[in-house]
Amino acid sequence: HAKRLGGDRIEAFRPSLRAHSEDMLALESDLRRALEREEIKVLYQPIIRLADDTVAGFEALLRWDHPRRGRLPAGEFIPLAERTGLIIPLGLFVLERAARQLAQWQEELGSEPPIFVSVNVSSRQLIRHDLINDVKAVLSRVDIARGTLKIEITESLVMENPEYAAKVLTRIKELGASLALDDFGTGYSSLAYLQRFPFDSIKIDRQFVHGDGKERPVLLRSIVSLAHDLGMEVIAEGAESDADVHELRGLKAEYAQGFHYGQPMTTDEARKLLARKLRQAAQ
Ligand code: C2E
Ligand code: MG
Ligand code: MG
Ligand code: MG
């Protein structure tokens, strides 16, 4: 992210640099041990099918229960994990864990269409590690419906090396996973890439979904119709209010995700939500 790089550069001129970097070093060594100490948790945020208000799937999101700092959101350690390469073991962990959870939910629910789970993948994983083999290995170990493991990739990631990214993504799709373009509208993407990559869905960044910016509704409408014209489904991120949901329904967006429907939650909470939704559907 250009924004993050810029932020780091400004950081270097601050007198607190030393304390700051010692802090980061401590955090880095803590993060090295966090996985084996089972401090890393996978939470699941519901994604709702707008046509019938049912739970269509979940996005797996990492949290770190740090022994002294408390629960850290992804934004406070994923960038560090990316810089240090620790994102490789972390990424494998969340992929494996989320796929197993998905298999369990599909077995319990047997719903049609089957529930999906999406997992975020960062550039380090795509570029420096054999993501294709990781996905292949995970899919061979778990029994899930084709296309229900979704891999989320951000625009900036795809832009770094489009040729290579296209190859890897095509292969991952052939293996039976599906692909979502994350945070759409925030990067410097060329619209041409939308055609060149085999994305099944676009996740519209929350800045277009919620807020009272004057141009926001126009941009939202345009992004939804662009996605649909290209044969992709839309997942709207950051739906926080009744009005957001109402607007998205009017635009025929397929899915919404956001605090209006639920925060990232534990598997127990997710199970309760699924049971409640199933009861509602049966009524
Ligand atoms: P993301 O993939 O775009 O995930 C959506 C983020 O928006 C999550 O933040 C989620 O908690 C937050 N969110 C959801 N609904 C709302 C809403 O209604 N309003 C607002 N204001 N925010 C909402 P989170 O969990 O802190 O994750 C931040 C980012 O960290 C993620 O953005 C993703 O890029 C990255 N991340 C999280 N887990 C993983 C992971 O397992 N691997 C990788 N590589 N990155 C991850
Ligand atoms: Mg995501
Ligand atoms: Mg996103
Ligand atoms: Mg994001």
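Given the structure is predicted, the values throughout are model-derived calculations rather than measurements.

Engineer: Honestly, the site of ligand 1 in this entry has me stumped. Any pointers?
Structural biologist: The environment of ligand 1 is formed by 23 residues, the closest being Arg63, Asn120, Asp182, Glu240 and Phe259. Between ligand 1 and the protein, one listed contact pairs an oxygen atom with a side-chain N or O atom of Asp183 at 3.0 Å. The fraction of the free accessible surface of ligand 1 (790 Å²) that becomes covered by protein chains is 83%. For the shell around ligand 1, the elements supplying multiple residues, two or more each, are strand E2 (54-66), helix H4 (87-109) and strand E6 (178-184).

Engineer: Would you explain the pairing of E6 in this entry?
Structural biologist: With six of seven residues buried, E6 lies mostly within the body of the structure. Taken together, the five bridges between strand E5 (residues 149-154) and E6 define a ladder with parallel strand orientation. From the neighbouring strand, Ile151 faces E6, where its bridge partner is Leu179. Pairing between E6 and strand E7 (residues 201-204): three bridges, direction parallel.

Engineer: Any chance you could explain the confidence of the model for the protein chain here in plain terms?
Structural biologist: The predicted coordinates should not be examined in detail at positions where pLDDT is low. For the protein chain, the mean per-residue pLDDT works out to 89, and 89% of the residues sit at or above 70. For the stretch residues 1-13, pLDDT sits under 50, and the model shows seven contacts to residues farther than four places along the chain or on other chains.

Engineer: I keep staring at the coordination of the magnesium ion (ligand 2) and nothing clicks. Help me out?
Structural biologist: For a metal with four tetrahedral donors the ideal donor-metal-donor angle is 109.5 degrees, while six octahedral donors give ideal angles of 90 or 180 degrees. Only Glu59 (OE), Asn120 (OD1), Glu152 (OE) and Asp182 (OD) from the protein coordinate the magnesium ion (ligand 2), and they sit 2.0 to 2.2 Å from it. As a motif over one chain, the donors of the magnesium ion (ligand 2) read E-x60-N-x31-E-x29-D. The metal-metal distance between the magnesium ion (ligand 2) and the magnesium ion (ligand 3) is 3.9 Å, with Asp182 serving as a donor to both. Pair noted here: Glu59 is in strand E2 and Asn120 is in strand E4 (residues 116-120), with a separation of 61 residues, a long-range link.

Engineer: Honestly, the pattern of salt bridges in this entry has me stumped. Any pointers?
Structural biologist: A side chain of one charge can pair with a side chain of the opposite charge when the charged atoms of the two come close. For the structure on display, the rule yields 17 salt bridges. Across the pair Asp200 and Lys173 runs a salt bridge, and its minimum N-O distance is 2.5 Å. Of this pair, Asp200 sits in the loop between helix H9 (191-196) and E7 while Lys173 sits in helix H8 (residues 162-174), and the two are 27 residues apart along the sequence. With relative accessibility at 22%, the residue Asp200 sits in the partly exposed group. What emerges from the salt-bridge pattern is a single network uniting Lys41, Asp65 and Arg71.

Engineer: Would you mind showing me how to read the packing of helix H6 (residues 131-141) against H8 here?
Structural biologist: Between two packed helices, the angle of one axis relative to the other and the distance separating the axes together describe the packing. As a packed pair, H6 and H8 sit with axes 10 Å apart at the nearest point and diverge in direction by 10°. Between H6 and H8, the crossing angle belongs to the class labelled roughly parallel. Facing H6, whose interface residues are Leu131, Ile132 and Val135, H8 presents Val168, Arg171 and Ile172. Looking at the contact of H6 with H8 residue by residue, the classes come out as five nonpolar, no polar and one charged.

Engineer: Quick question: what am I supposed to make of unusual backbone geometry here?
Structural biologist: Comment: phi is negative for the bulk of residues other than glycine, and the bulk of peptide bonds are trans. Look at Glu38: it is not a glycine, yet its phi comes out positive at around 60°. Position of Glu38 among the secondary structure elements: in the loop between helix H2 (17-34) and strand E1 (40-49). Phi angles above zero are rare outside glycine, and Asp53 is one such case at about 65°. Locating Asp53 in the fold gives a position in the loop between E1 and E2.

Engineer: Looking at this structure, how should I read the nonpolar core?
Structural biologist: Residues Leu31 and Phe58 are the most contacted members of the largest nonpolar core, which totals 82 residues. Per-element accounting of this core gives the leading share, eleven residues, to H4. Those residues in contact with Phe58 that sit more than four places away from it in its chain are Tyr44, Gln45, Pro46, Ile47, Trp105, Ile115, Phe116, Val117, Ser118, Ala270, Leu273 and Leu274. Judged by nonpolar contacts, the second largest core, of five residues, contains Ile47, Ala56, Phe116 and Ile235.

Thresholds, definitions, all that
- Residues numbered from 1 in each chain as written.
- Chains lettered and ligands numbered in written order.
- Predicted model: local features only at pLDDT ≥ 70, side-chain atom pairs only at ≥ 80, totals over all residues.
- Heavy atoms only, no water.
- Near = heavy atom within 4 Å.
- Polar contact = N/O pair within 3.5 Å; in protein donor to acceptor, adjacent residues only side chain to side chain.
- Areas by Shrake-Rupley, 256 points an atom, 1.4 Å probe, with all protein chains shown as cover.
- Helix = DSSP H or I, 4+ residues; strand = E, 2+ residues; numbered from the N terminus.
- Buried < 20%, exposed > 50% of the residue type's maximum accessible area, 1.4 Å probe, protein only.
- Pairing = 2+ DSSP bridges.
- pLDDT = per-residue confidence, 0-100.
- Contact = heavy atoms within 4.5 Å.
- Donors = N, O, S within 2.8 Å, 3.2 Å for Na, K, Ca; no water.
- Salt bridge = Lys/Arg side-chain N within 4 Å of Asp/Glu carboxyl O.
- Axes fitted to C-alpha atoms, helices over the stretch in contact; angles between N-to-C directions.
- Parallel < 35°, antiparallel > 145°, perpendicular 65-115°, else oblique.
- Nonpolar A, V, L, I, M, F, W, Y, C, P; charged D, E, K, R; others polar.
- Core = buried A, V, L, I, M, F, W, Y, C linked by side-chain atoms within 4.5 Å.

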